[in-house]
Amino acid sequence: MCEFCVKHGEGEKWYLQARNYSDDLLSDIRRRRFIEEFVSDTDGLVRANKRLEMLGKAPRLIRSVVGRIVTGRMKKNHFGQVVPIEDIEKIFGFVNSIVRISCICRRVTLGKEKRYCYAVSLGPNGGGLAEIMRGVDNSFINGPDAAENELLTRDEAMAAFREHEREGLCHSVWTFQTPFIAAICNCDRSDCLAMRTTVTHALPVMFRAEYVAEIAPQACSGCRSCLSVCQFGAISYSASNKKAVIDQRWCYGCGVCRSVCKTKAIRLEERARVPVAGKLW
Ligand code: SF4
Ligand code: SF4
């Protein structure tokens, strides 16, 4: 299990602990301010993105030192974890409101609204988070190019997540001053700043999932559908065996490959049970 499970989940999956979503945590004034600034400061994200591109050109030693500092700071403030769809369904089972909102990353990287983020809360009608969002005067949230935030039922939210998975997007939970979890996003490596930072620039701001994918070779038809959807480069094709092969050292456990496999050859295994990946986060 990841260090957040140890610190914030009492040895269980930390993102399945209802207390980590509670409005009680939102009563902390510093956390409320952090969220207000985060959702209103898209310019800050633009600047962070530019700094990241510059860091990519710096000598390795500087990248390594700065990377450790950034990861440590993000673990305290805004850190994510990849979560497969069955655990998303468990989260939707105990939260009391799910609100679809615009993705702040896509606003920066694409310059337009993409409704890939979901605010989750134990409170009704968006809980304390919706209250904060309503108080933020920001064109991104309230502007003419942003549709109204939508309150979804669990079934509607699950249908939307299945559609996101069909699009090849990887689900992830996000803290707003850890361990408070306020949002679940649907990420891809090209447009999501967190995935770019973690995977492309090797500067972790999100954990891998608590799972790793495995292929049952006898069930694999060699169709290669899974190869094109893995955003982490973990799957290759063995021409001699005519089967797909997963390098579990690179697998983030998102389960997106599983959803495109027509022969159901792919399953997710608990990361802790997979020796080569059990300590890779
Ligand atoms: S999608 Fe399934 S059947 Fe096709 S190559 Fe991948 S594991 Fe094999
Ligand atoms: S191999 Fe499958 S589960 Fe692992 S990262 Fe790639 S798409 Fe996700």
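A quick note: this is a predicted structure, and the numbers were derived from the prediction, not measured.

**What to know about the site of ligand 1**
Logical step 1: Near ligand 1 there are 14 residues, and of these Cys 220, Cys 223, Cys 226, Ala 244 and Cys 261 occur at the shortest range.
Logical step 2: A class-by-class count of the residues in the shell around ligand 1 yields nine nonpolar, four polar and one charged.

**A word on the pairing of strand β10 (residues 243-246)**
Where a strand is regular, its side chains alternate between the two sheet faces.
Logical step 1: One ladder, built from four bridges, connects strand β9 (residues 235-238) with β10; its direction is antiparallel. Paired with Ser 238 across the bridge in β10 is Lys 243.
Logical step 2: Connecting β9 to the next strand, β10, in antiparallel fashion are four residues, including Lys 242 with a positive phi near 55°.

**Considering the nonpolar core**
Logical step 1: Counting 74 residues, the largest nonpolar core has Tyr 118, Val 120, Ala 182, Ala 183 and Cys 257 as the members making the most contacts within it.
Logical step 2: Examining the composition of this core, we find that six residues originate from one element, strand β6 (residues 181-187), more than from any other.
Logical step 3: Per-domain counts for this core show at least three residues from each of domain 1 (3-207) and domain 2 (211-273).
Logical step 4: Look past the residues within four positions of Ala 182 in its chain and what remains in contact with it is Ile 35, Ala 119, Val 120, Leu 129, Trp 174 and Phe 176.

**Quick word on the environment of Ser 40**
Logical step 1: Mapped onto the secondary structure, Ser 40 falls in helix α3 (residues 29-40).
Logical step 2: Note on Ser 40: 18 C-beta atoms within 10 Å, which makes it partly exposed.
Logical step 3: Between the C-alpha atoms of Ser 40 and Gly 67, which are 27 residues apart in sequence, the distance is 25 Å.

**Regarding the sheet that holds strand β5 (residues 170-175)**
Logical step 1: Read across the sheet, seven strands follow the order β4-β2-β3-β6-β5-β1-β7 without closing on themselves; strand pairing throughout is mixed. In this open sheet, the two edge strands, each paired with only one partner strand, are β4 (150-152) and β7 (206-207).

**Points about helix α4 (residues 42-55)**
For the α-helix, the turn length of 3.6 residues means that residues three or four positions removed from each other point alike.
Logical step 1: Taking 1.5 Å of rise per residue, 14 residues should cover 20 Å, and α4 covers 20 Å from first to last C-alpha, within 8% of that figure.
Logical step 2: For α4, the tally of buried residues reaches only zero of 14 residues, placing the bulk of the element at the surface.

**Considerations on the domain arrangement of the protein**
Interface size, as often reported, equals the accessible area lost upon joining of the parts.
Logical step 1: When the domains of the protein are assigned, the result is domain 1 (3-207) and domain 2 (211-273).
Logical step 2: If you average the C-alpha positions of domain 1 and of domain 2, the two centres end up 26 Å apart.
Logical step 3: With 10 residues of domain 1 at the interface, the matching set in domain 2 holds 11 residues.
Logical step 4: Here the residues of the side of domain 1 that touches domain 2 sort into five nonpolar, one polar and four charged.

**Structural notes on the environment of Gln 17**
Logical step 1: Along the chain, Gln 17 falls in the loop between α1 (3-8) and α2 (23-26).
Logical step 2: Accessibility expressed as a C-beta count within 10 Å gives 17 for Gln 17, which makes it partly exposed.

**Quick look at the pairing of strand β3 (residues 117-121)**
Logical step 1: Across the five residues of β3, five count as buried, placing the element largely inside the fold.
Logical step 2: Side chains Cys 117, Ala 119 and Ser 121 project from β3 onto one buried face, and the interleaved Tyr 118 and Val 120 project onto a second face that is buried too.
Logical step 3: Bridge analysis of strand β2 (residues 97-101) against β3 gives five bridges, and the strand direction is antiparallel. Among the inter-strand pairings, Ser 97 is bridged to a residue of β3, identified as Ser 121.

Each value, and the rule that gives it
- Residues numbered from 1 in each chain as written.
- Chains lettered and ligands numbered in written order.
- Predicted model: local features only at pLDDT ≥ 70, side-chain atom pairs only at ≥ 80, totals over all residues.
- Near = placed C-beta within 6 Å.
- Nonpolar A, V, L, I, M, F, W, Y, C, P; charged D, E, K, R; others polar.
- Pairing = 2+ DSSP bridges.
- Helix = DSSP H or I, 4+ residues; strand = E, 2+ residues; numbered from the N terminus.
- Core = buried A, V, L, I, M, F, W, Y, C linked by C-beta atoms within 7 Å.
- Buried ≥ 20, exposed ≤ 12 C-beta atoms within 10 Å, placed from the backbone.
- Domains from an automatic or database assignment.
- Contact = placed C-beta atoms within 7 Å.
- Expected span 1.5 Å × (residues − 1).

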